[in-house]
Amino acid sequence: MDFPTFIFLSSLISVEVLAQRTFLWQEVGSPSCVRCCDDSEKPVSNPTKSRVKQYILYPAPKFQPQIDMTILKGDKGENGEEGQAGRSGRDGEPGPPGALGEKGQKGQRGPSGNSCKNQYAAFSVARRKSLHSTDYFQPVIFDTVFVNLYEHFNMFSGIFFCYIPGIYFFNLNVHTWNLKETYLHIIKNSQEVAMLYAQPSDRSIMQSQSIMLDLQEKDEVWVRMFKRERENAIYSDDTDVYIIFNGYLIRPATE
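Rules behind the numbers
- Each chain carries its own residue numbering, running from 1 in the written order of its sequence.
- A pLDDT threshold of at least 70 governs which residues receive local features in this predicted model, and a stricter bar of 80 or more applies before side-chain atom pairs are shown or counted, although totals over entire chains, interfaces and linings include all residues.
- For side-chain calculations, the full set of non-hydrogen atoms in the structure is used, while hydrogens and water are omitted.
- UniProt positions are given in the numbering used here, feature names are shortened, and annotations may be inferred rather than shown by experiment.
- Strands are labelled as partners when DSSP assigns at least two bridges between them.
- Helix and strand assignments come from DSSP, with helices taken as H or I runs of at least 4 residues and strands as E runs of at least 2, each series counted from the N terminus.
- To obtain each axis, a line is fitted to C-alpha atoms, and for helices this fit is confined to the stretch in contact; angles are then taken between N-to-C directions over 0 to 180 degrees.
- In what follows, a contact means two residues having at least one pair of non-hydrogen atoms within 4.5 Å.
- pLDDT is a residue-level measure of predictor confidence that goes from 0 to 100.
- A simple rule labels every residue: compare its accessible area, found with a 1.4 Å probe on the protein chains alone, to the largest value its type can have, and call it buried under 20%, exposed over 50%, or partly exposed in between.
- Here the positive residues are Lys and Arg and the negative ones are Asp and Glu; neither His nor the chain ends is included.
- We define a salt bridge as a contact between a side-chain nitrogen of Lys or Arg and a carboxyl oxygen of Asp or Glu at a distance within 4 Å.

In the nomenclature of an unreviewed UniProt entry, the protein chain corresponds to Complement C1q tumor necrosis factor-related protein 8 precursor from the organism Xenopus tropicalis. Heading Subcellular location (unreviewed entry) of the UniProt record for the protein chain holds this comment: "Secreted".

Laid out in structure tokens, this is it:
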């Protein structure tokens, strides 16, 4: 404690002590005069009352000093050590959903995913032997495989089975026979969807037909010959390939 502060507090204590010990003088008795006499004279009578001085204690007012705490404020101390963290409180209730934000910009294209997750379907088959129609409707059976992904094309029945729904492309190529009619259909399930036709001629030519189909799971696509009054045939040999049937998935339905 500095010296001016000590003097100020000492003064306050002295005032408090003196205030508790304040005494006042007061005269008690008659204020009338009394005749004095000589030694030879006797007093007339004893006064009934005399003036007496007494100490009478009167309570003094008690002072309530107001101390200015600003003069007692010391210098700022150093920061204490950081206390331990308290326990985490309970989670509050979820707040209401915020306002819908603006649409962001399109991000960059990501890397390619696992190839096992991609969906593919494709086949390419051929026939190396000529074929003459013997029945009114006769399916074309193929004996050579170029591509048969996941075995979706059945070589024994000549039918492509759809396991992956989507858009498919099919193509049929044949070689006509001299002086014989060429009449074939591309069949979806039991319905004709495309025809390949060539009239009889003394010159054999290559004929082609293509189509895209929207297939569902378990749909079937195949090729058949259609016999009418004229003889129907397609030409091929063991050396070259003239009869080819192709098909592949363009876009899966799940994309």
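Next comes the rest of the account.
Participant: How do you make sense of the sheet that holds strand E9 (residues 166–175) when you look at a structure like this?
Facilitator: Adjacent strands of a sheet pair through backbone hydrogen bonds, lying either parallel or antiparallel. One open sheet accounts for 5 strands, arranged E6-E3-E15-E9-E12; its pairing is antiparallel. Two strands bound the open sheet, and with one partner strand each, they are strand E6 (144–148) and strand E12 (206–215). Along the sheet, successive strands turn relative to each other by an average axial angle of 10°, direction set aside.

Participant: It is not clear to me how the pairing of strand E15 (residues 243–252) should be interpreted in this structure. Could you clarify?
Facilitator: Working note: regular strand, side chains alternate between the two faces of the sheet. Bridging between strand E3 (residues 122–127) and E15 involves 6 bridges; their strand directions are antiparallel. By the bridge assignment, Ser124 is partnered in E15 with Asn246.

Participant: Please clarify how the side chain of His152 should be interpreted in this entry.
Facilitator: Summarising the element assignment, His152 is placed in the loop between E6 and strand E7 (153–154). Not counting residues within four places of it along the chain, the set of residues in contact with His152 comprises Tyr120, Ala121, Ile159, Phe160, Phe161, Tyr163 and Ile164.

Participant: It is not clear to me how the confidence of the model for the protein chain should be interpreted in this structure. Could you clarify?
Facilitator: If pLDDT is low for a region, its predicted coordinates should not be looked at in detail. Per-residue confidence for the protein chain averages 79 on the pLDDT scale, and 68% of its residues sit at or above 70. For residues 6–30, every residue scores under 50 in pLDDT, and the model assigns this stretch 38 contacts once sequence neighbours within four places are set aside.

Participant: I keep staring at the side chain of Asp219 and nothing clicks. Help me out?
Facilitator: As for its placement among the helices and strands, Asp219 is situated in the loop between E12 and strand E13 (220–226). One buried charged residue, Asp219, forms no salt bridge at all, with the nearest opposite charge on Lys188 at 4.2 Å. When neighbours within four sequence positions are excluded, Asp219 is seen to be in contact with Phe160, Phe161, Cys162, Lys188 and Asn189.

Participant: I keep staring at the pattern of salt bridges and nothing clicks. Help me out?
Facilitator: Think of it this way: side chains of opposite charge can pair up when their charged atoms draw near. Using the criterion set out here, one finds 2 salt bridges in the structure. With a closest N to O distance of 3.4 Å, Glu231 and Lys180 form a salt bridge. Taken together, the residues span a long stretch of sequence, with Glu231 in the loop between E13 and strand E14 (233–234) and Lys180 in the loop between E9 and strand E10 (182–188) at a distance of 51 residues. Note on Glu231: relative accessible area 44%, which makes it partly exposed. The exposure class assigned to Lys180 is buried, which follows from its relative accessible area of 15%. The closest approach of N and O atoms between Arg224 and Glu192, which form a salt bridge, is 2.4 Å. Pair noted here: Arg224 is in strand E13 and Glu192 is in strand E11 (residues 191–198), with a separation of 32 residues, a long-range link. With a relative accessible area of 8%, Arg224 lands in the buried category. With a relative accessible area of 34%, Glu192 lands in the partly exposed category.

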